[in-house]
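Residue strings, one per chain:
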Amino acid sequence: MLGEFEYLLLIAAVRLGDEAYGAAIREEVERATGRRCSLGALYTTVDRLESKGLLETWLSEPTAKRGGRAKRMVRVTAKGLSEAKDFYEAIARISQGVSWTLGGAKPIRVGKA
Amino acid sequence: MPWRMVMLVSTLLDPDEREVVRGDLLEAGDRGWRAVADVLGLVLRRQIGLLRPWLAACGPALVGALLVLGFSLSVSCTYEYQVRPVLSGALGVTLPMGMALPACHVLMLAGWLWIGAPNIDPAMRRAAVVTAGLMCLPCVFCFGQFDLESVSRLSLLLCLPPAIWYLARGLSVARIRPVAATLLAIVLTAVSMPTWGDDGLWIPNWAVSWPAWFMVALAWRHPQSAGWGSASTTASPCAPDAAGSGPA
């Protein structure tokens, strides 16, 4: 089973398609979650997913926009896509019928009865 | 100033990763202290990943060295006091009650050395050398302090030939299967019973047994790389990929 961050990273890479690389994935994850994504978390997770065979990476040609530096391109494998699908379905199943308000619960009274 | 720090700290990364990270930060327009923190975080994660196999190797090495030294001496003493008098006497003499003891000791000596081999990551030859060095330290110390007249000082080195054999074997084959590791740990714990002492259980025996159970935990955590005799050396339990899945 994937972790939450692993799932976010895989799906960001799938959405970006041929343009999936470190900085773009990071931006996509930050935009989706509203939370900061550190480079350390990003690249160690990319390494872990690659070692599990869920994605593959390679270095692109250097670009001027990046000061003549290469990108680490990312591509999700079929296995990675399948794992992401399993994760999503598990979350969807367990979330089914859940009320997102606390209206059903009785308020707790503080003080004298 | 922050960008200079980024350039400086990122030199601790691999050349390829260094260029990728610098490029990512430039592209994102991230040149402030956040970039410094990011690069520092990545460097720390990489360094911790490199340290893990060393820590895993050093822990069992120190404990294991003391144990196998003790077992070496124990085997020698038992042979000297119980087995040799019988062998040198008439062949018709019945075996002493204590014959189970040397058998247990031999089994423990072999077992603990066997535990040492799978814990060595074939990809970390430097860690293996350090492990061997750490195992020698207690040997040297005990060799200097040895004062038993009835047993040769060389008995301490009884563990060396099998240790060398196991070390070579550990570097050339993959690690032990989960079920075999569990059985080995159970057997070693069981055969430790005769050495618990006259007054009952000797508690420190339990405390120093953790390398056996550490090996069991590793074997169960990475069953895909297990199996004596298979040539696979991938997915080492000491590799940095074994961390949790969150971004913490």
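The preceding data block contains the structure.
Below is a short write-up of the structure.

What counts, and at which threshold
- Residues numbered from 1 in each chain as written.
- Chains lettered and ligands numbered in written order.
- Predicted model: local features only at pLDDT ≥ 70, side-chain atom pairs only at ≥ 80, totals over all residues.
- Heavy atoms only, no water.
- Contact = heavy atoms within 4.5 Å.
- Buried area = accessible area lost by both parts, 1.4 Å probe.
- Salt bridge = Lys/Arg side-chain N within 4 Å of Asp/Glu carboxyl O.
- Polar contact = N/O pair within 3.5 Å; in protein donor to acceptor, adjacent residues only side chain to side chain.
- Core = buried A, V, L, I, M, F, W, Y, C linked by side-chain atoms within 4.5 Å.
- Buried < 20%, exposed > 50% of the residue type's maximum accessible area, 1.4 Å probe, protein only.
- Helix = DSSP H or I, 4+ residues; strand = E, 2+ residues; numbered from the N terminus.
- Phe/Tyr/Trp six-rings, centres within 6.5 Å; stacked < 30°, edge-to-face > 60°.
- Lys NZ or Arg CZ within 6 Å of the ring centre and 35° of its normal.

**Overview of the interface of chain B and chain A**
A common measure of how large an interface is: the accessible area buried when the components associate. Opposite the 24 residues of chain B that make contact, chain A presents 27 residues. Both sides of the chain B and chain A interface together cover about 2200 Å² of buried area, and 52% of this is carbon and sulfur. Here chain B and chain A share nine salt bridges between them. Note that Asp 38 of chain B is salt-bridged to Arg 36 of chain A, the shortest N-O span being 2.8 Å. Put simply, chain B and chain A have 12 residue pairs in polar contact (both at pLDDT 80 or more) between them.

**A look at the nonpolar core**
One finds Leu 2, Leu 9, Leu 10 and Ile 25 of chain A together with Val 21 and Leu 25 of chain B to be the most contacted residues of the largest nonpolar core, which totals 35 residues. Those elements that provide at least two residues to this core are helix H1 (4-16), helix H2 (22-33), helix H3 (39-51), strand E2 (72-76) and helix H4 (78-95) of chain A together with helix H1 (2-9), helix H2 (15-27) and helix H3 (33-88) of chain B. Excluding residues within four positions of it along the chain, Ile 25 of chain A makes contact with Leu 9, Ala 12, Ala 13, Leu 16, Ala 20, Leu 42 and Val 74 of chain A. In this structure, Ala 181, Ala 185, Leu 188 and Ala 212 of chain B belong to the second largest nonpolar core, which totals eight residues.

**A word on the packing of aromatic side chains**
How two aromatic rings sit relative to each other is given by the distance of their centres and the angle of their planes. This model, assessed by the stated rule, comprises one aromatic pair over all chains. Taking the ring centre of Tyr 21 of chain A as reference, the NZ or CZ of Lys 71 of chain A above it sits at 4.3 Å. The side chain of Arg 31 of chain B reaches across the aromatic face of Trp 3 of chain B, ending 4.9 Å from its centre.

**Notes on the environment of Ala 84 of chain A**
All names here are of chain A. Relative to the helices and strands, Ala 84 is located in helix H4. Owing to a relative accessible area of 4%, Ala 84 belongs among the buried residues under this scheme. Those residues in contact with Ala 84 that lie beyond four places of it in its chain are Leu 2, Tyr 7, Leu 10 and Ile 11.

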